[in-house]
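Given next are the chains, with one letter for each unit.
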Amino acid sequence: MHETILKAVSNTSIPQGSPCTHCGACLAVCPVYDILRTECFSPRGRSHLLTEIEAERLPLNTGGRFFEAMDACLQCGACSASCKAGEDTAARVLQARTRFKELHTIPKWAWHLLENRRLLDWTLPILSLVPQNSGLLLRLLGLFRHERDALRLRIKPAFKTAIDTITLKNSCKICKSSASLAGLRIAFFIGCVQNYIYPRVAEAIAAIPGASLCIPKDQGCCGMPAWTNGRPDTAKELALKNITALRKAEPDIVLTGCASCADMMRNHWPSLTGSKGIGRVMELSQFLVEYGIVPALAPKYKDMPLYAHIPCHQRYGLKDTTSLPSLLTGLTNGKTQVTQGCCGGGGLFGVKHTELSASILQKQLQGILSGNKGACVVTTCSGCLLQWRELSKAMGMPIEAVHLAELFL
Ligand code: SF4
Ligand code: SF4
């Protein structure tokens, strides 16, 4: 199979239905190809595979390799952004995930659970009692591959969700105060990871001075996991529920501390649902920069080398590579560096392809730790935070990983 694809991609003819010229520029930016060095796991190889299958020049029963190639894509978007010929490999892989049910490995009940936030609220604390290294959760989700993978998944849902904690503290269900920021109404979209795993991050955002937030109680998952796993119907269902919940707050701005949620809300909700008008979606670092809000850095971070990790969804989805670095540079008098490339998280990719995901992170860690005994990585995406914090810990790396908002606690 590998040889067939190599032979096919070195052929000078341009496949029908694809603008790809086989130049190979995308190979240099693909984090998966960077580790595997196998053509069918490169953007060019995936694109060619799809073209050949669509044109029925390759049979679909190509063994596991075709499906593996479609599954082992982070959906980071780096290939599409780098292609001068206009090939959107990330989108084509996503289409394949939607089309081929062989790629739908996560059981339907898990997606239904995600659609029902109330059910999820009481199910997750129960699931948190399952020993984290038993592999049971992975088995339930149909994602179990190797015994060693189970050891890496040590994520414990918090007992109380951030939505409940913050609204209890603020003793309001929908906050009506929005006097700061020139009377703007700001709705806070929390996202699953902050709601269930890192409520401290959501609390830190809610405590940022000057930003008076409404917290719509009926919000849930933004739909990004469903969307990137070829489940547009689930993603649409989630988007519609959120849009209804957010509209009740009549926001001028929808603020979120997760770049992936912001990408989903800004770039995919309108085309999925046909709905407009939930206000301007802003990721936290963009919001702080645009409104000139600069909270004080907590003392413990003052002398620590800080590394800004720009999430792929911020870099390629929101097309923003400046907000986080410029904010951190200002806070540290220029002592901030920027990590290059993807951390290997990619939502469910990190769970499905643990070894590969760890190898991608390892490359990032090598860059940061050469010459440093330890460092602090700052990011603006919940998925990246999970990857940097939990996987570095499991790998025994001396890295502290924080969300931008935690710098101000
Ligand atoms: S997808 Fe674009 S960048 Fe990649 S080989 Fe084809 S033309 Fe070149
Ligand atoms: S989306 Fe990312 S992981 Fe997937 S093929 Fe493109 S560069 Fe590679």
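Structural data are supplied above this passage.
K.L.:
Lay out the overall build of the chain with the relevant residues and their values.
P.N.:
Along the chain, the regular secondary structure elements total 23 helices and eight strands. Counting contacts in the chain only where the partners sit at least 6 residues apart, residues at least 24 apart contribute 77% of the total.

K.L.:
Hey, could you go over the site of ligand 1 for me, with residue numbers and the actual values?
P.N.:
In the vicinity of ligand 1 lie 15 residues, with Cys20, Cys23, Cys26, Cys83 and Glu87 positioned nearest. Tallying contributions element by element places helix H3 (residues 43-54) first for the shell around ligand 1, with three residues. For the shell around ligand 1, the per-class residue count stands at seven nonpolar, six polar and two charged.

K.L.:
Go over the site of ligand 2 with me, naming the residues and quoting the values.
P.N.:
Of all residues adjacent to ligand 2, which total 15 residues, the nearest are Cys30, Cys73, Cys76, Cys79 and Ala90. Looking at the shell around ligand 2, the elements with two or more residues in it are helix H2 (31-36), H3, helix H5 (78-82) and helix H6 (89-99). Split into classes, the residues belonging to the shell around ligand 2 amount to eleven nonpolar, three polar and one charged.

K.L.:
I'd like a rundown of helix H20 (residues 323-331), residues and numbers included.
P.N.:
When H20 is considered as a whole, its buried residues turn out to be Ser323, Leu324, Leu327, Leu328 and Leu331. Looking straight down H20, one finds that the buried residues subtend no more than 120° of arc, so they occupy a single side. In this structure, the buried side of H20 is in contact with helix H18 (284-290), strand E5 (306-309), strand E6 (336-339) and strand E7 (375-379). Looking one or two residues past H20, Asn333 carries a phi angle of roughly 55°, positive in sign.

K.L.:
Can you explain the packing of helix H16 (residues 232-248) against helix H17 (residues 259-273)? Please cite residues and give values.
P.N.:
Two numbers describe how H16 lies on H17: the axes approach to 9 Å, and their chain directions differ by 100°. As judged from the angle between their axes, H16 and H17 are roughly perpendicular. Contacts between H16 and H17 involve Pro232, Ala235, Lys236, Ala239, Leu240 and Ile243 on the former and, on the latter, Trp269, Leu272 and Thr273.

K.L.:
Run through the packing of helix H7 (residues 108-115) against H16, naming residues and quoting values.
P.N.:
Running from N to C, H7 and H16 point in directions that differ by 10°, and their axes come no closer than 10 Å. The angle between H7 and H16 places the two elements in the roughly parallel class. Contacts from Trp111, Leu114 and Glu115 in H7 reach Thr234, Glu237 and Leu238 in H16. The residue makeup of the contact of H7 with H16, split by class, is three nonpolar, one polar and two charged.

K.L.:
Residues and numbers for the nonpolar core, please.
P.N.:
Counting 106 residues, the largest nonpolar core has Phe188, Val254, Leu255, Met265 and Val378 as its most contacted members. Not counting residues up to four positions away in its chain, the partners in contact with Phe188 are Ile205, Ala206, Leu213, Cys214, Ile215 and Leu255.

K.L.:
Could you give an account of the sheet that holds strand E4 (residues 280-283), with specific residues and numbers?
P.N.:
Taken together, four strands build an open sheet; the order of strands is E2-E1-E3-E4 and the sheet is parallel. Of all strands in the sheet, those with a lone pairing partner are strand E2 (213-214) and E4, marking the two edges. Sheet topology note: the strand E3 (residues 253-256)/E4 ladder contains four bridges and is parallel. By the bridge assignment, Val254 is partnered in E4 with Val281.

K.L.:
So what's going on with the pairing of E3? Residues and values would help.
P.N.:
Alternating positions in E3 separate into two faces, Ile253 and Leu255 on one and Val254 and Thr256 on the other, with burial throughout. Pairing of strand E1 (residues 186-189) with E3 involves four bridges; the strand directions are parallel. Opposite Ile186, over in E3, you have Ile253 as the bridge partner. At this point the chain moves from E3, through H17, to the parallel E4, and the crossover so formed is right-handed.

K.L.:
Account for the environment of Cys23, naming residues and giving values.
P.N.:
Turning to its location among the elements, Cys23 is positioned in the loop between helix H1 (2-10) and H2. Between the C-alpha atom of Cys23 and that of Arg44, which follows or precedes it by 21 residues, the distance is 8.5 Å.

K.L.:
With reference to specific residues and values, describe unusual backbone geometry.
P.N.:
Despite not being glycine, Arg37 has its phi angle at roughly 50°, a positive value. By the secondary structure assignment, Arg37 is in the loop between H2 and H3. For Arg37, a count of 10 C-beta atoms within 10 Å translates into the label exposed. With a phi angle near 55°, Lys319 is a residue other than glycine that sits in the positive phi range. Following the sequence through the fold, Lys319 ends up in the loop between helix H19 (312-317) and H20. Taking the C-beta count within 10 Å as the criterion, Lys319 has 10 such neighbours and is therefore assigned exposed.

Calculation notes
Residues numbered from 1 in each chain as written. Chains lettered and ligands numbered in written order. Predicted model: local features only at pLDDT ≥ 70, side-chain atom pairs only at ≥ 80, totals over all residues. Helix = DSSP H or I, 4+ residues; strand = E, 2+ residues; numbered from the N terminus. Contact = placed C-beta atoms within 7 Å. Near = placed C-beta within 6 Å. Nonpolar A, V, L, I, M, F, W, Y, C, P; charged D, E, K, R; others polar. Buried ≥ 20, exposed ≤ 12 C-beta atoms within 10 Å, placed from the backbone. Arc of directions from axis to C-beta. Axes fitted to C-alpha atoms, helices over the stretch in contact; angles between N-to-C directions. Parallel < 35°, antiparallel > 145°, perpendicular 65-115°, else oblique. Core = buried A, V, L, I, M, F, W, Y, C linked by C-beta atoms within 7 Å. Pairing = 2+ DSSP bridges. Right-handed = clockwise from strand over helix to strand, strands pointing away.

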